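# Structural overview
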Amino acid sequence: MLRLRIFAAIVSIVTLAAMVLSLVLGAPIGVAIALIVAAACLAAIAPFDAPALRERNRVLFACLAYLVPVAAALAFARGVPGMNIMMVAIIVLLQLGIGLACWAFATRKRRRMPRSRRYFDN
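It should be emphasised that the depicted structure is a prediction, and the values quoted were computed from it without experimental measurement.

## Focus: the overall build of the protein
- Check the secondary structure of the protein and you find 4 helices and 2 strands.
- Starting at the N terminus and walking to the C terminus, you meet the elements of the protein as α-α-α-α-β-β.
- Over its C-alpha atoms, taken along the principal directions, the protein stretches across nearly 60 × 20 × 20 Å.
- A total of 122 residues make up the protein; the buried ones form 39% of that total.
- Sequence-distant contacts, at least 24 apart, represent 67% of the contacts inside the protein between residues at least 6 apart.
- Total accessible area on the protein stands at roughly 7,200 Å², and carbon and sulfur atoms take up 68% of it.

Rendered as structure tokens:
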């Protein structure tokens, strides 16, 4: 789960970079707001350990919640002419979010093995 949370933090930083790109390219303000909300969803889970099922489900829900504002940003940027670069960036963010959600779903039921540090059993 540590690697997942580190990757979520990296995706959150990339989302903020895409938000800055949207402001530079002149996209609607709704795109920037949606990307800030999406980055906040992932930044909220990054610093906390998730050893138990409850915390792992919280990581899964945060990854799923990330997809909603990114999809909203895609909807806001869709009708604007000349936003091809921004559309590609948002689609890549959406694919990263789907990957994060699948990864969180796959690792949510893992248990620690006794007498073994950092080793999990599915």
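## Looking at the packing of aromatic side chains
- Counted by the stated rule, this structure contains 1 aromatic pair.
- A centroid spacing of 6.1 Å and a plane angle of 55° characterise the contact between Phe7 and Trp103, whose relative ring orientation is tilted. With Phe7 in helix H1 (residues 2-25) and Trp103 in helix H4 (residues 84-107), the pair connects residues that are 96 residues apart, well separated along the chain.
- You can call Trp103 partly exposed: its relative accessible area is 33%.

## Quick notes on H1
- Helix length check: H1, at 24 residues, gives a terminal C-alpha distance of 35 Å against a target of 34 Å (1.5 Å per residue), a fit within 8%.
- All of the buried residues along H1 are Leu4, Arg5, Ala8, Val11, Ser12, Thr15, Ala18, Met19 and Ser22.
- Those residues of H1 hidden inside the fold are in contact with helix H2 (29-43), helix H3 (53-78) and H4.

## Description of H4
- Compared with an ideal rise of 1.5 Å per residue, which puts 24 residues at 34 Å, H4 spans 35 Å between its outermost C-alpha atoms and is within 8% of the ideal.
- Every buried residue of H4 is listed here: Met86, Met87, Ala89, Ile90, Leu93, Gly97, Leu100, Ala101, Ala104 and Thr107.
- Looking at the buried residues of H4, the elements they touch are H1, H2 and H3.

## Some remarks on the nonpolar core
- Membership of the largest hydrophobic core comes to 34 residues, with the highest contact counts inside it found for Val31, Leu35, Leu42, Val59, Cys63, Tyr66 and Ile90.
- Elements with a minimum of two residues in this core: H1, H2, H3 and H4.
- No other element matches the 10 residues that H3 contributes to this core.
- Excluding anything up to four places from it in sequence, Leu42 contacts Ala8, Val11, Ser12, Ala62, Cys63, Tyr66 and Leu100.

The rules we used
- Residues numbered from 1 in each chain as written.
- Predicted model: local features only at pLDDT ≥ 70, side-chain atom pairs only at ≥ 80, totals over all residues.
- Heavy atoms only, no water.
- Helix = DSSP H or I, 4+ residues; strand = E, 2+ residues; numbered from the N terminus.
- Buried < 20%, exposed > 50% of the residue type's maximum accessible area, 1.4 Å probe, protein only.
- Contact = heavy atoms within 4.5 Å.
- Areas by Shrake-Rupley, 256 points an atom, 1.4 Å probe, with all protein chains shown as cover.
- Phe/Tyr/Trp six-rings, centres within 6.5 Å; stacked < 30°, edge-to-face > 60°.
- Expected span 1.5 Å × (residues − 1).
- Core = buried A, V, L, I, M, F, W, Y, C linked by side-chain atoms within 4.5 Å.

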